Amino acid sequence: MQNTNKLPPNSKKRKTLLYRKSPFVVINTNMSALHIGDNNCDVKLKTDDNKIISAHRMVLLADNPYFRAMFTNFAEKNQDLVEMRHIDYTALLLLVNFIYTWKVLITEENVRDLLPAADLLLFHGVKEACCDFLQSQLCSTNCIGINSIADLHSCTKLMTSSEIYINQHFSEVFGGDEFLLLSSEQVIKLISSDRLPVSSDEKVFESVISWVKYDLSSRNSILPQLMEHVRLPLTSKNFILKYVAEEPLIKNCLKCCHYVLEAINTLKSEELIPQSNRNKPRYGEKVILIVGGIMSGMNESLEWFDTRTNLWHPGPELRTQHGRHSLVVINDNFVYDVGGYAHGLSPYQSVLVLDLSAETLCWQPCDDMLVERKLLGVGVINNNIYAVGGFNDRDGNCRSAEVFNYNTQRWHMISNMSTTRSLFSVGVLDDLLYVVGGYDQSRQTVNTVECYNPTIDTWSPVANMYARRSGAAVGVLNGELYVVGGDNGSFNLSSVEKYSPITRVWTSVAELLLPRVNAEVVALDGLLYVVGGMYKYNHLFSVECYNPNTNRWTMVTAKWNMNRLSPGVVTINRSRHFTSC
């Protein structure tokens, strides 16, 4: 990686940082005067470029442990000229002046030389100030380089904050200019991390190919080492066949072809695959976000759950008229709230979007749906939002469907479902949209399932569930579709079943601890979280967690900050708006 001394410009960041050590102004002034004009200096410091800095031996050793050791215990104690190897002249001058003045001006131009010098010469306060300055400069064009500096000089706090920034802005950082200049070792360190905020490695693969093509002649031979850390089984079979297998660089690499075949065989296998780095899920810095609910005052409230600390935290209040929320996330940073209804129960066409990377969180209007919908199903495929079925005052339960094109920011109609549905569930698996259960036109609860293929704009039937379910919750975990709880027309359900697209069969798994209808499900860190819902008309304010390895549900002991019915629930990358301190 090319390491320039000047940070990429960012007009919103502060340009300098003045670090002061002491408030003793009189002593400070006298020390400054002593250094001006080299008054009675008795030692000269020589840098690699043969530049000289004059100073007072006793002043240096009195204030700094590095110079104290040098001038008391080592050969330099009797030398008038001391060579300071591998230290930038400007940085050393700033540090020597700091001893006399107890202040140093840190800038974009000097910080990358000043930090290593301060680290080597044991100027701990200056080093910490440099880290604070670099942290204030973090942006998508420099965060990788700053992370490397922090790692090299053991700046723990800066390393942590830069890693969090990289995770939060993954889509901007990977494949960007700074990424393309990294060494192969640095790329491997990044793409091998379990903490990348991706459930699919498509972006990781694309970034690797971009990095190799940036300097093809010298990097092509490194491709097999990189592909060893791309988790192809975490992508879809369609992506592997269409993009990975057809990539010329992959075709011409025998080892890479082996990884492609391994991934396809893993996706086809009906047996439990031994865990390896290439099929191990990544667990990024994600949190669970809850929005609103159908209760007085709920429309303005957010809260979020940190699975690492097992704590709920209140979020910023955001006014919205939506009473029942259907939330999806696009491009990691945009939360969309689609359709629904308010307290008057009238259906909405409106769509709102929340930019999690913005300085201030605020719902913004988006292009309205073409059809009013409440009790609808919403899913995302390739950053396009699909709004399906639901209920409106004109059609009652409907089977129409439409899609929001993220690139054009416009909705258009797609083929109708084969069945009229409302209060059903939606899940996306292998770039197919699954519609599960719900009420039909006659208000009967059904166990039918169908899926939509956007490539051919066609709905196809899927094997029926064991149980009829309306108001069930759906989640996707480890390549399987889970349907949780719901109501069968007579009573609320605690049963759970999952569908494998490989076997095309539904199987039962462990039951919920409490029957639930109208709950929400999210997948995070290899677990399923079921949030809220109702049981016998009583609101449930608890969360259950399912571990597929043990086939057990456990109750999450942390309590919500507010009681809410039918909120919207999604997982998001942790941003500065969702930190506990």
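Computed from a prediction, not measured in an experiment: that's the story for all the values here.

S.K.: Which parts of the structure should I look at to understand the packing of helix α15 (residues 237-244) against helix α17 (residues 254-268)?
M.R.: Think of two packed helices as two axes; the pair is described by the angle between the axes and how far apart they sit. Packing of α15 against α17 brings their axes to within 10 Å, and their N-to-C directions diverge by 160°. Considered as vectors, α15 and α17 are oriented roughly antiparallel to each other. Crossing of α15 against α17: the hand is left-handed. For the pair α15 and α17, contact is made by Lys237, Ile240, Leu241 and Val244 and by Val260, Ala263, Ile264, Leu267 and Lys268, respectively. The residue makeup of the contact of α15 with α17, split by class, is 7 nonpolar, no polar and 2 charged.

S.K.: Could you clarify how one ought to interpret the packing of helix α5 (residues 111-120) against helix α6 (residues 124-137) in this entry?
M.R.: One way to put it is that α5 packs onto α6 with a least axis distance of 8 Å and a crossing angle of 150°. Comparing their axes, α6 and α5 come out roughly antiparallel. Crossing of α5 against α6: the hand is left-handed. Each of Val111, Leu114, Leu115, Ala118 and Asp119 in α5 lies in contact with α6, whose residues at this interface are Val126, Lys127, Cys130, Cys131, Phe133 and Leu134. Here the contact of α5 with α6 is composed, by residue class, of 9 nonpolar, no polar and 2 charged.

S.K.: Is there a simple way to explain helix α4 (residues 89-101) in this structure?
M.R.: Each α-helix winds once per 3.6 residues, and so residues spaced three or four apart point in a common direction. With 13 residues, α4 should reach 18 Å at 1.5 Å per residue; the first-to-last C-alpha distance of 18 Å fits that figure. The N-capping residue of α4, defined by a side-chain oxygen 3.1 Å from the backbone nitrogen of Thr90, is Asp88. Looking one or two places after α4, you find Trp102, whose phi comes out positive at around 60°.

S.K.: Just to check I follow, could you spell out the sheet that holds strand β2 (residues 43-46) for this structure?
M.R.: What links the strands of a sheet is backbone hydrogen bonding, and the strands pair in either a parallel or an antiparallel sense. The mixed open sheet is built from 3 strands, whose spatial order is β3-β2-β4. The two strands at the open ends of the sheet, each matched to only one other strand, are β3 (52-55) and β4 (81-83). Strand-to-strand twist in this sheet, taken as the mean axis angle between neighbours without regard to direction, amounts to 25°. Pairing of β2 with β3, which is carried by 4 bridges, proceeds in the antiparallel orientation.

S.K.: Sorry if this is basic, but what is going on with the sheet that holds strand β7 (residues 302-306) here?
M.R.: The strand order across the open sheet built from 4 strands is β8-β7-β6-β33, with neighbouring strands paired in antiparallel fashion. On the outer flanks of this sheet lie β8 (311-314) and β33 (568-573), each paired with one strand and no other. Going from strand to strand, the sheet's axes swing by 30° on average, the running direction of each strand aside.

S.K.: Even after reading the chapter, I still don't get unusual backbone geometry, so can you show me in this structure?
M.R.: Keep in mind that most residues, glycine aside, have a negative phi and that most peptide bonds are trans. Residues other than glycine seldom take positive phi values, yet Asn50 does so here, at roughly 65°. Assignment of secondary structure puts Asn50 in the loop between β2 and β3. The exposure class of Asn50 is exposed, given its relative accessible area of 54%. One non-glycine residue, Arg504, adopts positive backbone phi at about 60°. The topology assignment puts Arg504 in the loop between β25 (496-500) and β26 (505-509).

S.K.: What is the right way to look at the environment of Thr309 in this model?
M.R.: Note that Thr309 resides in the loop between β7 and β8. When its relative accessible area of 41% is taken as the criterion, Thr309 is described as partly exposed.

S.K.: Would you take a moment to explain the packing of aromatic side chains for this structure?
M.R.: Two measures describe an aromatic ring pair: the distance that separates the ring centres and the angle between the ring planes. Counting across every chain of the model gives 17 aromatic pairs. Ring geometry for Phe305 against Trp312: centres 4.8 Å apart, planes inclined by 35°, an arrangement best described as tilted. For Phe305, a relative accessible area of 1% corresponds to the buried category. Relative to Tyr406, the ring of Phe334 lies with its centre 6.3 Å away and its plane at 50°, an arrangement referred to as tilted. Taken together, the residues span a long stretch of sequence, with Phe334 in strand β10 (residues 334-338) and Tyr406 in the loop between β17 (401-405) and β18 (410-414) at a distance of 72 residues. Since its relative accessible area comes to 22%, Phe334 is described here as partly exposed. Each residue in the set Tyr66, Phe67 and Phe71 is aromatic and connected to the rest through ring pairs, giving one cluster. Sitting over the ring of Trp211, Arg219 keeps its end group 4.0 Å from the ring centre. Its guanidinium or amino end placed over the ring of Tyr439, Arg443 lies 4.1 Å from that ring's centre, counting from NZ or CZ.

Conventions used here
Residues numbered from 1 in each chain as written. Predicted model: local features only at pLDDT ≥ 70, side-chain atom pairs only at ≥ 80, totals over all residues. Heavy atoms only, no water. Axes fitted to C-alpha atoms, helices over the stretch in contact; angles between N-to-C directions. Helix = DSSP H or I, 4+ residues; strand = E, 2+ residues; numbered from the N terminus. Parallel < 35°, antiparallel > 145°, perpendicular 65-115°, else oblique. Left-handed = near helix turned anticlockwise from the far one by under 90°. Contact = heavy atoms within 4.5 Å. Nonpolar A, V, L, I, M, F, W, Y, C, P; charged D, E, K, R; others polar. Expected span 1.5 Å × (residues − 1). Polar contact = N/O pair within 3.5 Å; in protein donor to acceptor, adjacent residues only side chain to side chain. Pairing = 2+ DSSP bridges. Buried < 20%, exposed > 50% of the residue type's maximum accessible area, 1.4 Å probe, protein only. Phe/Tyr/Trp six-rings, centres within 6.5 Å; stacked < 30°, edge-to-face > 60°. Lys NZ or Arg CZ within 6 Å of the ring centre and 35° of its normal.

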